[in-house]
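The lines below spell out each chain.
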Amino acid sequence: MKSLNKKTIKDIDVKDKKILARLDFNVPIVDGKITDDKRIRESLPTLNYLLDNGAAVIACSHFGRPKGEFNPKFSLAPIAKRLSELLGKTVILAADVIGDDAKSKAAALKSGEIMLLENVRFHKEEEKNDADFSKELAGMADIYVNDAFGTSHRAHASTAGVADHLPAVCGFLIQKEIDIMGNALENPKRPFVVILGGAKVSDKIGVIENLIDKVDTIIIGGGMAYTFMKAQGYSIGDSICEDDKLEFALELMKKAKDNNTNFLIPVDNKAGDEYKPDCNFITVKSNSIPDGYSGYDIGPETEEKFTAAIKGAGTVIWNGPVGVSEWENFAAGTKAVAKAIADSGAISIIGGGDSAAAIENLGFADKMTHISTGGGASLEFLEGLELPGIAALDDDN
Ligand code: AMP
């Protein structure tokens, strides 16, 4: 991993400067109404800091997938409105991204004022990280601030390309993500426990490979556990399984053994007869799931084993529910894991996406040290990959 020591907004003088601030305003919107404004609220510390310190802020973000052309359905207008309410000041919305309206509004913007460009994905050049488009975007500002951790694993014009043309620093959100996750990977308080769940092994291969010789315990649950069970010759009934990953699963278990890393997979399961929330289900040992049944959650014995392994941990990283936690009948395992982490007193880091949603829905969010704001980005970070949106920022030497 390259340097994570990046300049932040506190390392530069922002007074009377025009700041192009890339934020993650990709919020859920239904019928023109924002149903969860968390991502907007998370941008406030950085935006308030910039505005309070006399910067003029040109904010930008993507929203949805407008496929590179203007589409009013994907306008940032509802976001400008909500941001304005949260900041308690007018957010001027530009009618375009790099057009005349954006440029004239940016030129007229005064210190302490904020404007929002339209959806950067209205231009196909954004996702292509087009050099000319990046230059046009950068041309409106003096300094670039990236605080969109959730898109920092993408090398797009507004997340990476603009940094070729401007001094580039991170905001508080990215700083927090890289401080907490970087420190956990480089200098973890031990025992270091990682819990991986979710549907597919293939999504988490990189993470397992990167962490297997760094952690003390790997706990595998969720749909991905069944590939490991089948690899050991267990009968897994109709449980989800990636047959092309069986050999890889065996190699990993061997590697864990050679490294003296505890490698825990479920010993029992709740298995249902149909992929439905109200299906009939039984509790069975991991090596005897009958045909016609699929494992949808860890069983009570596994809950105890996982809880015991989490108790006393110094650092816990969790990514992916250990069962189909959206369904009440199969949420107990994920709840038990969340509770065990909360009770452990460990430094706890929750990957974004489904695990973050599960932790929030189950009511444990405020017990965690850090819930990452990026699903894909946090996975790539844990894989040890360099995130283009972070790599592009200036090093703090
Ligand atoms: P991921 O996005 O990889 O974190 O996966 C989350 C998804 O995995 C959730 O939608 C869960 O419903 C699903 N999942 C977890 N456990 C299982 C399981 N045993 N069988 C099928 N899907 C599962």
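This text goes with the structure placed above it.
Report follows, based on the coordinates. What you are looking at is a predicted structure, and each value in this text was computed from that prediction instead of being measured. (Residues numbered from 1 in each chain as written. Predicted model: local features only at pLDDT ≥ 70, side-chain atom pairs only at ≥ 80, totals over all residues. Heavy atoms only, no water.)

### Notes on the overall build of the protein
Logical step 1: The helix and strand tally for the protein stands at 15 helices and 19 strands.
Logical step 2: What you see for the protein is a C-alpha radius of gyration of 23 Å, in line with the 21 Å of a compact globule of 397 residues.
Logical step 3: Dimensions of the protein along its principal axes, counting C-alpha atoms only, are 70 × 45 × 35 Å.
Logical step 4: Long-range contacts, defined here as pairs at least 24 residues apart, represent 73% of the contacts in the protein between residues at least 6 apart.
Logical step 5: Accessible surface, the protein as shown: approximately 16900 Å² in total, 46% of it carbon and sulfur.
Logical step 6: Looking at charge distribution, the protein has the averaged site of its 45 positive side-chain charges lying 3 Å from that of its 60 negative ones. (Helix = DSSP H or I, 4+ residues; strand = E, 2+ residues; numbered from the N terminus. Rg over C-alpha atoms; globule rule 2.2 N^0.38 Å. Contact = heavy atoms within 4.5 Å. Areas by Shrake-Rupley, 256 points an atom, 1.4 Å probe, with all protein chains shown as cover. Lys, Arg positive; Asp, Glu negative; His and termini not counted. Charge placed at Lys NZ, Arg CZ, Asp CG, Glu CD.)

### A closer look at the site of the ligand
Logical step 1: The environment of the ligand is made up of 16 residues, and the closest members are Ala199, Gly223, Gly295, Glu326 and Asp354.
Logical step 2: Note that an oxygen atom of the ligand is positioned 3.5 Å from one of the side-chain N or O atoms of lysine 204.
Logical step 3: Between the ligand and glutamate 326, the relevant distance is 2.7 Å, taken from an oxygen atom to a side-chain nitrogen or oxygen of the residue.
Logical step 4: Contributing elements (two or more residues each) for the shell around the ligand: helix 8 (201–211) and strand 16 (294–298).
Logical step 5: Across the shell around the ligand, the residue classes tally to six nonpolar, six polar and four charged. (Near = heavy atom within 4 Å. Polar contact = N/O pair within 3.5 Å; in protein donor to acceptor, adjacent residues only side chain to side chain. Nonpolar A, V, L, I, M, F, W, Y, C, P; charged D, E, K, R; others polar.)

### Side note on the pattern of salt bridges
Logical step 1: For the structure shown, the criterion picks out 21 salt bridges.
Logical step 2: The residue aspartate 343 makes a salt bridge to lysine 339 at a minimum N-O spacing of 2.7 Å. Linking aspartate 343 with lysine 339, this pair stays in helix 12 (residues 332–344), spanning four residues, or about one helical turn.
Logical step 3: Take aspartate 343: its relative accessible area is 54%, and that puts it in the exposed class.
Logical step 4: Judged by its relative accessible area of 44%, lysine 339 falls in the partly exposed class.
Logical step 5: Taken together, the salt bridges that share partners define one network made up of Asp37, Arg41, Lys81, Arg82 and Glu85. (Salt bridge = Lys/Arg side-chain N within 4 Å of Asp/Glu carboxyl O. Buried < 20%, exposed > 50% of the residue type's maximum accessible area, 1.4 Å probe, protein only.)

### What to know about the pairing of strand 17 (residues 315–319)
Logical step 1: With five of five residues buried, strand 17 lies mostly within the body of the structure.
Logical step 2: The two faces of strand 17 match: Thr315, Ile317 and Asn319 on one face and Val316 and Trp318 on the other face are all buried.
Logical step 3: Pairing geometry for strand 9 (residues 192–196) and strand 17, over five bridges, is parallel. The partner of valine 194 across the bridge, within strand 17, is isoleucine 317. (Pairing = 2+ DSSP bridges.)

### Here we look at the sheet that holds strand 18 (residues 347–350)
Logical step 1: The six strands lie next to each other as 12-10-9-17-18-19, forming an open sheet whose pairing is parallel. Only two strands of the sheet have a single partner each, and these edge strands are strand 12 (262–264) and strand 19 (370–371).
Logical step 2: Direction of pairing for strand 9 relative to strand 10 (residues 217–220): parallel, over a ladder of four bridges. Paired with valine 193 across the strands is threonine 217, a residue of strand 10.
Logical step 3: Helix 12 contacts strand 9, strand 17 and strand 18 of the sheet and is inclined by roughly 155 degrees relative to strand 17. (Axes fitted to C-alpha atoms, helices over the stretch in contact; angles between N-to-C directions.)

### Topic: the environment of leucine 185
Logical step 1: Structurally, leucine 185 is set in helix 7 (residues 172–186).
Logical step 2: Classification of leucine 185 as buried rests on a relative accessible area of 9%.
Logical step 3: In the structure, leucine 185 is positioned 24 residues away from glutamate 209 in sequence and 13 Å away in space, judged by C-alpha atoms.

### Some words on the environment of isoleucine 92
Logical step 1: Its place among the elements puts isoleucine 92 in strand 5 (residues 91–93).
Logical step 2: Not counting the four nearest positions on each side in its chain, isoleucine 92 is found in contact with Lys105, Leu109, Ile114, Met115 and Leu116.

### A look at the packing of aromatic side chains
The geometry of an aromatic ring pair comes down to the distance between the two centres and the angle between the two planes.
Logical step 1: Taken as a whole and judged by the stated rule, the model has 10 aromatic pairs.
Logical step 2: With a centroid separation of 5.5 Å and an interplanar angle of 50 degrees, the aromatic rings of phenylalanine 228 and phenylalanine 263 are classed as tilted. You can see phenylalanine 228 sitting in helix 9 (residues 225–231) and its partner phenylalanine 263 sitting in strand 12, a full 35 residues away along the chain. For the pair shown, phenylalanine 228 and phenylalanine 263 are each scored as buried.
Logical step 3: An angle of 85 degrees between the planes, with centres 6.0 Å apart, marks the rings of tyrosine 296 and tryptophan 327 as edge-to-face. One end of the pair, tyrosine 296, is in strand 16; the other, tryptophan 327, is in the loop between strand 17 and helix 12, and 31 residues separate them in sequence. No difference in accessibility class separates tyrosine 296 from tryptophan 327, as the two residues are buried.
Logical step 4: Aromatic ring contacts, followed pair by pair, group Tyr275, Phe281, Tyr296, Trp327 and Phe330 into a single cluster. (Phe/Tyr/Trp six-rings, centres within 6.5 Å; stacked < 30°, edge-to-face > 60°.)

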